[in-house]
Amino acid sequence: MDRLTGNSRMPAGLTVVPARHGPAAPGGGTSPGRAHPDGGQSPRRFPAILVLPGGGYARHADHEAEPVAEWLASLGIHAFVLRYRVAPHRHPAPLADAKAALAWIRCGGHGLEVDGSRVGVLGFSAGGHLAATLAGGVPTGDETLDAPGSRPDLAILCYPVVSFESAVHQGSIDNLLGAAPSGDLLAELSAELTVTSSTPPAFIWHTFDDAAVDVEHSLRYAMALRKAAVPAELHVFPQGRHGLGLAPGVAGVERWTELCATWLTGHGWRP
């Protein structure tokens, strides 16, 4: 199985959750994500999002994986969950996996009708760091992966690890880079330092009292986007532990999915 190319073979660690419905159809109904319109018309193409669960680059949090993909599918978005390589694998293995998955989603080897101009990424915690470095165009050193199409078209970052230089989450650094990484490498993988005008728009949320990954990470990324004139929406909820996922039943925080769905609509990713 080839991790390094976007060919018809599914990359390792990837799960596909097709959109359950698409844009509104005439008469007020919805059209299935796999359906082709009648009458010989071209099939509708739907947006897709790559989901990257967190876990400190040591494991994958299951509640940040398929349940999130099912939520996206309910919005009419094809979802792809990637269980990227984690420790003892080191950088750039997770980034290579994410870029290969993004390329495969765009190439259409899955057989779904995907709009190649609307392929995004959603990441939680350390998966949010991976999503942000993907959005920032951090290179892997493999030219087959470091192509223009390897950046997502938008990013959703949920209580993300962002900086490897300030308010750091040491476990993520240790698991991704090993002992005593160089200052240059820490800077290269500090996502707020990778933001340019080419970075895609982002929806970001965090809780103010997150005791595991400081809210400063999201604030720093949002400020970097602002300085680069990249559109962003940031929500900081006053209370909530780290790792809430979809946050069902958590007062206030559970609204993030509604807010994000509205944001996606505003960017033309939902009807």
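Up top is the structure these notes are about.
Parameters and conventions
Residues numbered from 1 in each chain as written. Predicted model: local features only at pLDDT ≥ 70, side-chain atom pairs only at ≥ 80, totals over all residues. Heavy atoms only, no water. Helix = DSSP H or I, 4+ residues; strand = E, 2+ residues; numbered from the N terminus. Buried < 20%, exposed > 50% of the residue type's maximum accessible area, 1.4 Å probe, protein only. Contact = heavy atoms within 4.5 Å. Areas by Shrake-Rupley, 256 points an atom, 1.4 Å probe, with all protein chains shown as cover. Pairing = 2+ DSSP bridges. Axes fitted to C-alpha atoms, helices over the stretch in contact; angles between N-to-C directions. Salt bridge = Lys/Arg side-chain N within 4 Å of Asp/Glu carboxyl O. 1 Å grid on protein atoms, 1.4 Å probe; cavity = no way out; pocket = protein on both sides within 12 Å on 5 of 7 lines; lining within 4 Å. Points joined across faces, edges and corners; volume = space filled by probe spheres on them. Nonpolar A, V, L, I, M, F, W, Y, C, P; charged D, E, K, R; others polar. Core = buried A, V, L, I, M, F, W, Y, C linked by side-chain atoms within 4.5 Å. Phe/Tyr/Trp six-rings, centres within 6.5 Å; stacked < 30°, edge-to-face > 60°.

**Q** Help me get a handle on the overall build of the chain, residues and values and all.
**A** A count of helices and strands for the chain gives seven helices and seven strands. The 271 residues of the chain split such that 52% are buried. Of the contacts made within the chain by residues no fewer than 6 positions apart, 75% connect residues no fewer than 24 positions apart. Summed over all atoms, the accessible surface of the chain reaches about 11000 Å², with 53% contributed by carbon and sulfur.

**Q** Please provide a residue-by-residue account of the sheet that holds strand 3 (residues 78–82), values included.
**A** The strand order across the open sheet formed by seven strands is 1-3-2-4-5-6-7, and the pairing between neighbours is mixed. Edge positions in the sheet fall to strand 1 (14–17) and strand 7 (232–237), since each has one partner strand and no second. Averaged over all neighbouring strand pairs, the angle between strand axes comes to 15°, with direction disregarded. Where strand 1 meets strand 3, four bridges bridge the pair, whose relative direction is antiparallel. Looking at the pairing, threonine 15 lines up with valine 81 of strand 3.

**Q** Just give me the short version of the pattern of salt bridges, but keep the residues and values in it.
**A** Counting across every chain of the model gives 11 salt bridges. Its salt-bridge partner being glutamate 192, residue arginine 220 comes within 3.1 Å of it at the nearest N-O pair. Residue arginine 220 is found in helix 6 (residues 216–227), and its partner glutamate 192 is found in the loop between helix 5 (183–188) and strand 6 (202–207); the two are separated by 28 residues along the sequence. The exposure class of arginine 220 is partly exposed, given its relative accessible area of 30%. In this structure glutamate 192 comes out as buried when scored by relative accessible area, which is 7%. As a salt-bridge pair, glutamate 216 and arginine 220 come within 3.5 Å of each other at their nearest N and O atoms. Residue glutamate 216 and its partner arginine 220 are both found in helix 6; the two are separated by four residues, about one turn of the helix. Since its relative accessible area comes to 25%, glutamate 216 is described here as partly exposed. Several salt bridges share partner residues, and in doing so they unite Asp62, Glu66 and Arg83 into one network.

**Q** Would you mind going over the layout of surface pockets in detail, with residue names and values included?
**A** Within this model, the largest pocket holds a volume of roughly 190 Å³. Gly55, Gly56, Arg59, Ser125 and His242 are, among the 16 residues lining the largest pocket, the residues nearest its centre. Residue composition of the lining of the largest pocket, by class: two nonpolar, 12 polar and two charged.

**Q** Any details on the nonpolar core? Residues and values, ideally.
**A** By size, the foremost hydrophobic cluster in this structure holds 47 residues, and its most contacted members are Leu50, Leu52, Phe80, Leu82, Ile105, Phe164 and Tyr221. Filtering out sequence-adjacent residues up to four positions away, phenylalanine 164 remains in contact with His129, Ile173, Leu176, Leu177, Leu186, Leu189 and Ser190. Residues Ile49, Val68, Phe203 and Trp269 belong to the second largest nonpolar core, which totals 32 residues.

**Q** How would you sum up the packing of aromatic side chains? Please name residues and give values.
**A** According to the stated counting rule, one finds nine aromatic pairs in the structure shown. Where phenylalanine 124 meets tryptophan 256, the ring centres are 6.2 Å apart and the plane angle is 80°; that geometry is what we call edge-to-face. Taken as a pair, phenylalanine 124 in strand 4 (residues 114–124) and tryptophan 256 in helix 7 (residues 256–266) lie far apart in primary sequence, 132 residues in all. Of the aromatic side chains, those joined through ring pairs into one cluster are Trp71, Phe124, Tyr159, Trp205, Phe237 and Trp256.

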